[in-house]
Every structure is written in C-alpha cells, then in structure tokens.
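Spelled out, the chains give:
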Amino acid sequence: QMLPESVAQSLKEDNYRSEMFDSATILFSEIDGFNDLARNCTPLELFDMLDIIYKTFDARIDHYDVHKVNKIKVN
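Residues numbered from 1 in each chain as written. Predicted model: local features only at pLDDT ≥ 70, side-chain atom pairs only at ≥ 80, totals over all residues. Heavy atoms only, no water.

Caption draft 1: Summary view of the overall build of the protein. For the protein, the count of helices and strands is three helices and two strands. Counting from the amino terminus, helix and strand elements in the protein follow one another as α-β-β-α-α. Taken across its 75 residues, the protein has 12% of its residues classed as buried. As displayed, the protein has an accessible area near 6600 Å², and 53% of this comes from carbon and sulfur atoms. (Helix = DSSP H or I, 4+ residues; strand = E, 2+ residues; numbered from the N terminus. Buried < 20%, exposed > 50% of the residue type's maximum accessible area, 1.4 Å probe, protein only. Areas by Shrake-Rupley, 256 points an atom, 1.4 Å probe, with all protein chains shown as cover.)

Shown next, in the form of structure tokens:
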C-alpha cells in the first residue's frame, strides 16, 4: 500500500527498475556478484559486509525525509 501500483506490480514480476514520481523516487540497487560473495564467505563475513554497505547508505540518507525498504533476493 505504500508503493505506487506500477512499482508493486514490477516487484511481483521481478522486473526491477528505477522510476521517478512527483512525490517519491524509488531506487533498486544490486550488489554485483552478491551470490558468489555469499557462497564464498562465512555468514559473519557476509553480515559484516552488508552491515558496512547499509550503514554507509543510511548515513547518506539520514539528512533527507526518506523511508527505506530493504529487500534482499538470493538466487
């Protein structure tokens, strides 16, 4: 209910794309090679890496009125 209908439909169809709306910008990002990283490191190493990435991203968006939703897809 918090996403525009077109975005919700795209998520259901695994069709990730960024869109811009008058009242919101939705960003989908991907960590290149994430599946290989996940397979080749320990759970703690993977957790630490994701923690650094998300803390860095959070520090950048703290200055704006932003609502962040995380979705991690692992193949």
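Caption draft 2: Geometry of helix α3 (residues 43-61). Taking 1.5 Å of rise per residue, the 19 residues of α3 would be expected to cover 27 Å, and the 27 Å separating its terminal C-alpha atoms lies within 8% of that figure. Buried within α3 are the following residues: Leu46, Leu50 and Ile61. In a view along the axis of α3, the buried residues occupy a sector of 35°, so they form one face of it. Exposed positions of α3 whose direction lies more than 90 degrees from the buried face are Leu44, Ile52 and Lys55. On the buried face of α3, the contacting elements are α2 (34-39). (Expected span 1.5 Å × (residues − 1). Arc of directions from axis to C-beta. Contact = heavy atoms within 4.5 Å.)

Caption draft 3: Main features of the pattern of salt bridges. This model, assessed by the stated rule, comprises two salt bridges. Residues Asp36 and Arg39 are paired through a salt bridge, measuring 3.1 Å at the closest nitrogen-oxygen approach. Here Asp36 pairs with Arg39, and both are found in helix α2, just three residues apart, close to one helical turn. The exposure class of Asp36 is partly exposed, given its relative accessible area of 47%. Residue Lys55 pairs with Asp51 through a salt bridge whose shortest N-O separation is 3.2 Å. In this pair, Lys55 and Asp51 are both assigned in helix α3, four residues apart and thus about one turn of the helix distant. By relative accessible area, which is 28% here, Asp51 ends up partly exposed. (Salt bridge = Lys/Arg side-chain N within 4 Å of Asp/Glu carboxyl O.)

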